[in-house]
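Notes for the structure review
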Amino acid sequence: ASDFGRKRLLAVEQLLANCSGDEDAQRFVASLGLPAVPFLIENLSDRSRPRDVRAGAARILGTMRVDFSLPHLVRFVDDPDPVVARAVSTAIEAFGERAVECLEKELSCDRWLRSQIVARLLRRIGPDGVSRALLERVRSCGRFAGSSGTKRRVLHLISILAEADVTPDLVA
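Given the structure is predicted, the values throughout are model-derived calculations rather than measurements.

With respect to the helices and strands, Pro-50 occurs in the loop between helix H3 (37-45) and helix H4 (51-64). Between the alpha carbons of Pro-50 and Val-84 there is a distance of 9.9 Å; along the sequence they are 34 residues apart.

See below:
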């Protein structure tokens, strides 16, 4: 990158670090358009970056709603830093129904905590965000589960997705 390009990226990085609640700064970075997206993804992905930089990058990606940034956001839905995880969830919600397919791929029988976060996001996106096929896929995890603990986890996940009390016969 040219010297000018590096200076511009440094300026954007400073804005990211300081725009946690500044909507004007976030709109400015978002107005840079598609060329800013890889830089934002890089800042979100680099766990050595300060939390404000990472969370700011997530918020701006949510503002921009560029589809190819969604899988990158979803990777950090269960980030160990709660500030980053919250910013990522908010950003994903901003995509609305467009996020459903990407989120559904993340529901897994062997990653329970992550699956609970994803299920809650799907519910917040809206009742249409949870398809019958998805509920059936999650139920199948319980049907083939060997332990009662796994079955309880599946019941919990289904109850999140369906926002209803679920009886054990659904996974029996």
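The subject of this paragraph is the packing of helix H2 (residues 23-31) against H4. Helix-helix packing is characterised by the crossing angle of the two axes and by the distance between the axes. Following both chains from N to C, one finds H2 and H4 inclined at 65 degrees, their axes separated by 9 Å at the closest point. Remark: the crossing between H2 and H4 carries right-handed chirality. Residue-level inspection shows Gln-26, Val-29 and Ala-30 of H2 in contact with H4, the latter providing Arg-59, Ile-60, Thr-63 and Met-64. Grouping the amino acids of the contact of H2 with H4 by side-chain chemistry returns four nonpolar, two polar and one charged.

This part covers the nonpolar core. Of all hydrophobic cores here, the largest spans 44 residues; its most connected members are Leu-40, Leu-44, Leu-73, Val-88, Ile-92 and Leu-103. Secondary-structure elements contributing two or more residues to this core are H2, H3, H4, helix H5 (70-75), helix H6 (82-94), helix H7 (100-104), helix H8 (112-125) and helix H10 (148-162). Ranked by residues supplied to this core, first place goes to H4 with seven residues. Those residues in contact with Val-88 that lie beyond four places of it in its chain are Leu-44, Ala-58, Leu-73, Phe-76 and Val-77.

Each value, and the rule that gives it
- Per-chain numbering applies: the sequence of each chain, read as written, is numbered from 1 onward.
- pLDDT decides what is reported in this predicted model: residues at 70 or higher carry local features, side-chain atom pairs at 80 or more are listed and counted, and totals for whole chains, interfaces and linings draw on all residues regardless.
- As a rule here, side-chain values come from all non-hydrogen atoms in the structure, and water together with hydrogens is ignored.
- Secondary structure follows DSSP: runs of H or I at least 4 residues long count as helices, runs of E at least 2 residues long count as strands, and numbering of each begins at the N terminus.
- Where helices are involved, their axes are fitted lines through C-alpha atoms of the stretch in contact, as for all axes, and angles between N-to-C directions lie from 0 to 180°.
- Helix crossings fall into two classes, left-handed where the near helix is turned counterclockwise from the far one by less than a right angle and right-handed where it is turned clockwise.
- Two residues form a contact once any of their heavy atoms are found within 4.5 Å.
- Each residue gets one label: Ala, Val, Leu, Ile, Met, Phe, Trp, Tyr, Cys and Pro are nonpolar, Asp, Glu, Lys and Arg are charged, and the others, such as Gly, are polar.
- What makes a nonpolar core is a set of buried Ala, Val, Leu, Ile, Met, Phe, Trp, Tyr and Cys residues whose side-chain atoms join them at distances within 4.5 Å.
- We call a residue buried when its accessible area falls under 20% of the maximum for its residue type, exposed when it is over 50%, and partly exposed in between, using a 1.4 Å probe and counting protein chains only.

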